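Structural overview for review
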Amino acid sequence: MSEPSHKTSAGKKAFRFSIRGEIVAAVLVPLALLAFVRRVAFKTENSVDAYYHAAVADFGPSYYTAKTISHLTMSVWSDGFSDKELGYHLMLSGIRGLMRSAGLEEKPPFNIDALFFDFLVVLSFVFACVVFGVERRNIIFFSVALVVISPFFTDRLLMLRPHNLSIALMLVACAVFHAARGSRVVFPAAFTLGFASAWCYSNPHFLLLPALAFGIADGLSSGADSASSTSRSSGSSIAPCAVSKESPSPALRLAWSKALWLPAAVLAGIALGYTLHPQFPNTFSNWWIQCVEVPWQALTGSETIALGGEFNRPGMVWFAKNALPYIVFGAAALIFAKLAERRDHETRISALRRMDPTAAAMFAAAAVVVAATPLGMRAMEYACPFVLLSLAANLAALKRVSTPPPKAFGGSGFSSRLKLLIVVLAAAFVVFQTESYSKRSGGGPLTDFAAYTRRSGIPPGTVIANLAWSDYPFLLYSCPEYKYISGMDPMFSYSVAPGKVVALENFRRGKLKLTPKELKNLVGTKYLFLRKIYKRYAKIVRGIGCVVLYEGPDGWLFEIPSSPRSKSSFRTGSN
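1. A word on the overall build of the protein chain
Helices and strands together make up the secondary structure of the protein chain, namely 25 helices and six strands. Taking contacts inside the protein chain between residues at least 6 apart in sequence as the whole, the part at least 24 apart equals 77%. Counting only carbon and sulfur atoms, one obtains 63% of the accessible surface of the protein chain, whose full area is about 25700 Å².

2. Thoughts on the pairing of strand E3 (residues 527-531)
Of all the five residues making up E3, five are buried; the element is thus mostly covered by neighbouring parts of the structure. Across three bridges, the pairing between strand E1 (residues 464-466) and E3 is parallel. Counted as the bridge partner of Asn-466 is Phe-529 from E3. Two strands pair when backbone bridges link them, and E3 and strand E5 (residues 555-559) are joined in this way by five bridges, in the antiparallel orientation. Note on E5: the bridge partner recorded for Leu-530 is Trp-556.

3. Remarks on the packing of aromatic side chains
Counting across every chain of the model gives 30 aromatic pairs. Where Tyr-51 meets Phe-110, the ring centres are 5.9 Å apart and the plane angle is 70°; that geometry is what we call edge-to-face. With Tyr-51 in helix H2 (residues 49-59) and Phe-110 in the loop between helix H4 (86-101) and helix H5 (111-132), this residue pair connects regions lying 59 residues apart in the sequence. Taking relative accessible area as the criterion, Phe-110 reaches 2% and is therefore assigned buried. Ring geometry for Tyr-51 against Phe-474: centres 4.7 Å apart, planes inclined by 35°, an arrangement best described as tilted. Of the two residues, Tyr-51 is situated in helix H2 and Phe-474 in helix H21 (residues 472-478); the sequence distance between them amounts to 423 residues. We classify Tyr-51 as buried; its relative accessible area is 0%. Counting every residue linked through ring pairs, the aromatic cluster contains Tyr-52, Phe-59, Tyr-63, Trp-77, Phe-81, Tyr-472, Tyr-484 and Phe-492.

4. Focus: unusual backbone geometry
Residue Pro-108 is joined to Pro-109 through a cis peptide bond whose omega torsion reads 0°. Along the chain, Pro-109 turns up in the loop between H4 and H5.

5. A closer look at the pattern of salt bridges
Per the stated rule, a full pass over the model turns up 15 salt bridges. Measuring nitrogen to oxygen at the nearest pair gives 2.8 Å for the salt bridge that ties Arg-38 to Glu-45. Taking relative accessible area as the criterion, Arg-38 reaches 0% and is therefore assigned buried. One salt bridge in this structure joins Arg-181 and Asp-218, with 2.9 Å as the shortest N-O distance. Placement of the pair is Arg-181 in the loop between helix H8 (163-179) and helix H9 (186-200) and Asp-218 in helix H10 (residues 208-233), with a sequence separation of 37 residues. Taking the relative accessible area as the measure of exposure, Arg-181 reaches 36% and is therefore partly exposed. Looking at Asp-218, the relative accessible area reads 15%, which means it is buried.

6. So, the pairing of E5
Among the five residues of E5, four are classified as buried, and the element is accordingly described as predominantly covered. Pairing geometry for strand E4 (residues 547-552) and E5, over five bridges, is antiparallel. Within the sheet, the bridge partner assigned to Val-548 lies in E5 and is Phe-558. From the end of E4 to the start of E5, which pair antiparallel, there are two residues.

7. Some words on H4
Relative to the 22 Å expected for 16 residues at 1.5 Å per residue, H4 spans 22 Å between its end C-alpha atoms, a close match to the ideal helical length. Buried residues of H4: Leu-86, Gly-87, Tyr-88, His-89, Leu-92, Ser-93, Ile-95, Arg-96 and Met-99, and no others. On the buried face of H4, the contacting elements are H2, helix H3 (61-64), H5, H8 and H9. Just downstream of H4, Gly-103 is the residue with a positive phi angle, here 75°.

8. Notes on the environment of Val-423
By secondary structure assignment, the location of Val-423 is in helix H19 (residues 411-439). With a relative accessible area of 49%, Val-423 lands in the partly exposed category. Expressed as a C-alpha distance, the spacing of Val-423 and Val-144, which sit 279 residues apart in the sequence, is 8.3 Å.

9. Focus: the side chain of Arg-161
Mapping Arg-161 onto the fold places it in the loop between helix H7 (151-157) and H8. For Arg-161, the side chain forms a polar contact with the side chain of Asp-49, separated by 3.0 Å.

Thresholds, definitions, all that
- Residues numbered from 1 in each chain as written.
- Predicted model: local features only at pLDDT ≥ 70, side-chain atom pairs only at ≥ 80, totals over all residues.
- Heavy atoms only, no water.
- Helix = DSSP H or I, 4+ residues; strand = E, 2+ residues; numbered from the N terminus.
- Contact = heavy atoms within 4.5 Å.
- Areas by Shrake-Rupley, 256 points an atom, 1.4 Å probe, with all protein chains shown as cover.
- Buried < 20%, exposed > 50% of the residue type's maximum accessible area, 1.4 Å probe, protein only.
- Pairing = 2+ DSSP bridges.
- Phe/Tyr/Trp six-rings, centres within 6.5 Å; stacked < 30°, edge-to-face > 60°.
- Salt bridge = Lys/Arg side-chain N within 4 Å of Asp/Glu carboxyl O.
- Expected span 1.5 Å × (residues − 1).
- Polar contact = N/O pair within 3.5 Å; in protein donor to acceptor, adjacent residues only side chain to side chain.

Now the structure itself:
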């Protein structure tokens, strides 16, 4: 009798090990795909912002907890700086410090830095899948799909930018809201996540989306349970249709009251996070510029200033390249409809009771971000993980209620074909993404320009005008000893000097003619820098008589001469 018992125990241990191995593989395989592309294909960074974040992390807390930034002359930050990603920079600073201690190379591309935050995204996604009850042997297919489902999302995932930390926090929030549903722990957890988001990302209010979705779904489910239990306890034998007419009012009141508590806890955490932030009250004013004025500028289609390309509305080619997330969302919608169907004799309340709150919440959150993608490409950052989690949550819910899946998703044949498709996508991802990145010139650090400034003896503290605001991260990383006119992003300059910012924007686009003296008065210095990618802008600057002091593989440094012409300021014209 003892021998079979021993074998059973060993079998259980092997099973546990197998489960752990499957979870580890679900994290490491997609991370390995991302690491392969970065290591093999990346010559420089695929994000302008990466140089800003690396520079700020290296400056240390004395920089990113300061309330004013003296090296910017035309920015809100000059008088009221607030690090929008303080927690992110603290983490990045720690990573780079450990790398220095280990003697590892820190120069771009910042592969280890970026892959650490990719690891957090994948780990959070796998964690949510486990918590949602997805079959552990299948989680690896969802996690691999996460990194290959959209070339736009893959590109964003490979960036050294704090939006990846935001994605990880939102995925953790989804898992926590599910696991702590109905528990007193859920509200302190939501509050803590809100506080963390306020310190880690410039748009912490994005966390309200899953909070609101889970709050409403949980509230409706609880309201339905309450109404049903009230009907049973009364001993009433009234027809189901009568229950549907009398019960929903108190049930829905309970649902809406519960629905508001979860987002309220998140919002309270965000508010306290901004208040206890070392740069309070600048946190609130900077949030207004970043999270209200920037989206308004992007949504209204105004060309007053140039925002980041990711804010643009996508075209048909973009939709064709990123079609898979919409297909996955369609699959999630079919399964969600299967879960939501009910017999004719059932009441609305009993239908709500049958609806899995997590499946409903994830489907609602996915629907919102998918619907937002036509307004701006950046919505795809959250659409990809949310549609995959929605599909995973709905499949898990479908299995729990033993409801047959829709015909399109039935049978082992479909499962095998789906897994084969994901493997093929992963292989294609490695080939095409690697080829794509290897052909990009990108933008590296301004090594030659930095060497020139040292040779030429330009004094530290000299203002060098960055005509294109996107040159600022490169200048800050390579030449932190100088001052610049515009930082991250252009709205922080527009808010304090709209006339100057619009004039400079129109000048570099060739819509406005300026004399050298007028240009010098606008930028407040005789030095002007442009990276090599801005050949058209350099032609315009050179065309008005500016002198080239430096021309190298990384850009130009111009000297703006004094001009006796001072009439007709800001005349419009064409290039």
